[in-house]
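# Coordinate inspection notes
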Amino acid sequence: MDPKSQRVKLNDGHFIPVLGFGTYAPLEVAKKEALEFTPFAIEVGFHHIDCAHAYQNEEEIGQVIRSKIADGTVKREDIFCTSKLWLTSLRPELVRPALEKSLKNLQLDYVDLYIMHYPMALKPGEELFPKDENGKLIFDSVDFCRTWEALEKCKDAGLAKSIGVSNFNHKQLERILNKPGLKYKPVCNQVECHPYLNQSKLLDFCKSHEIVLVAYAGLGSQRVKEWVNLDLPVLLEEPVLCAITKKHRKTPLWLSFATRYNVGLWFWPRVTIRSGSMRTYSSVGHPEYSFSEEY
């Protein structure tokens, strides 16, 4: 993979790699998997590393990045590192300390992209999901437009080259875009996006405002009953998808990858990176396979 030839220009002039490596994993294995899979991802050319405070493995990711810089595999400027501001730090005065904590764990002087993880706030503190005595989440009253202003200051301070959002709908994006005194537009909106949830309207809105749509869960949501209808087939076993791939002599994995690639960005799932599916990369995004009428 040639990482320099596969980049998208952001609205602030910086460039983001089209393909990235997502580092989320269930908390019980997050640290172990970060140490196991991230080195291999960097070695094969995935230099866009997508991290977050909530993943609880930024310290391990930082160790890997430093080791790969030390052994000459990459230089710091080759790595595009993303981190995310968690819900318990949306108060403006907590934004910079949260970013500085991530930078310390990642052993970096700056991140290439810092993202507001969700457009809602939880009670500040060490718990990721603070709950009351009845087990219900404790929310905090924060205007995320004020949070955005704090992110702008982090960019001005050189702690983040670019700033963006995640899991925003178009109305929430409009609140930031129409905010008086806006200094920087979000460069991206990172959302779940796959053939079951194509986000076409949101994509059109983002394009109209020069906001890059960054797609996660490209192979579909995790099979958790609270999130998805378990009666639906697994995405890679979906009959229409399988019929199209059979016609074109491709795999369902390839088609899922290609459709997201043609939309914007897509994060490679950790669990498949050693499986040989790297070969699907070579032909995705090819104009011969846009599938616009078939899928």
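Located above this text is the structure these notes cover.
What you see is a predicted model, and the numbers here were worked out from it, not measured in a lab.

### Looking at the side chain of His47
Inspection of the secondary structure puts His47 in the loop between α1 (30-43) and β4 (48-50). There is a polar contact of 3.5 Å between the side chain of His47 and the backbone oxygen of Ile42.

### Some points on the packing of aromatic side chains
Counting across every chain of the model gives 4 aromatic pairs. Taken together, a centroid distance of 6.2 Å and an interplanar angle of 85° make the contact between Trp86 and Tyr118 edge-to-face. Taken together, the residues Trp86 in the loop between β5 (80-85) and α3 (92-106) and Tyr118 in the loop between β6 (111-116) and α4 (144-156) connect sequence positions 32 residues apart. Judged by its relative accessible area of 29%, Tyr118 is partly exposed. Members of the aromatic cluster, connected to one another through ring pairs, are Trp86, Tyr118 and Phe129. Against the face of Tyr110 rests Arg76, its NZ or CZ located 4.1 Å from the ring centre.

### Topic: the state of the cysteines
Scanning all chains against the criterion turns up 0 disulfides. The closest cysteine sulfur to the non-disulfide-bonded Cys51 is located on Cys81, 4.1 Å from its own sulfur. The class for Cys51 is buried, based on a relative accessible area of 0%.

### Things to note about unusual backbone geometry
The backbone phi angle of Gln107 is positive, close to 60°, even though this residue is not glycine. Locating Gln107 in the fold gives a position in the loop between α3 and β6. On the accessibility criterion, Gln107 (38% relative accessible area) is partly exposed. The phi angle at Glu210 is positive, at roughly 60°, despite the residue not being glycine.

Cut-offs and rules
Residues numbered from 1 in each chain as written. Predicted model: local features only at pLDDT ≥ 70, side-chain atom pairs only at ≥ 80, totals over all residues. Heavy atoms only, no water. Helix = DSSP H or I, 4+ residues; strand = E, 2+ residues; numbered from the N terminus. Polar contact = N/O pair within 3.5 Å; in protein donor to acceptor, adjacent residues only side chain to side chain. Phe/Tyr/Trp six-rings, centres within 6.5 Å; stacked < 30°, edge-to-face > 60°. Buried < 20%, exposed > 50% of the residue type's maximum accessible area, 1.4 Å probe, protein only. Lys NZ or Arg CZ within 6 Å of the ring centre and 35° of its normal. Disulfide = S-S within 2.5 Å.

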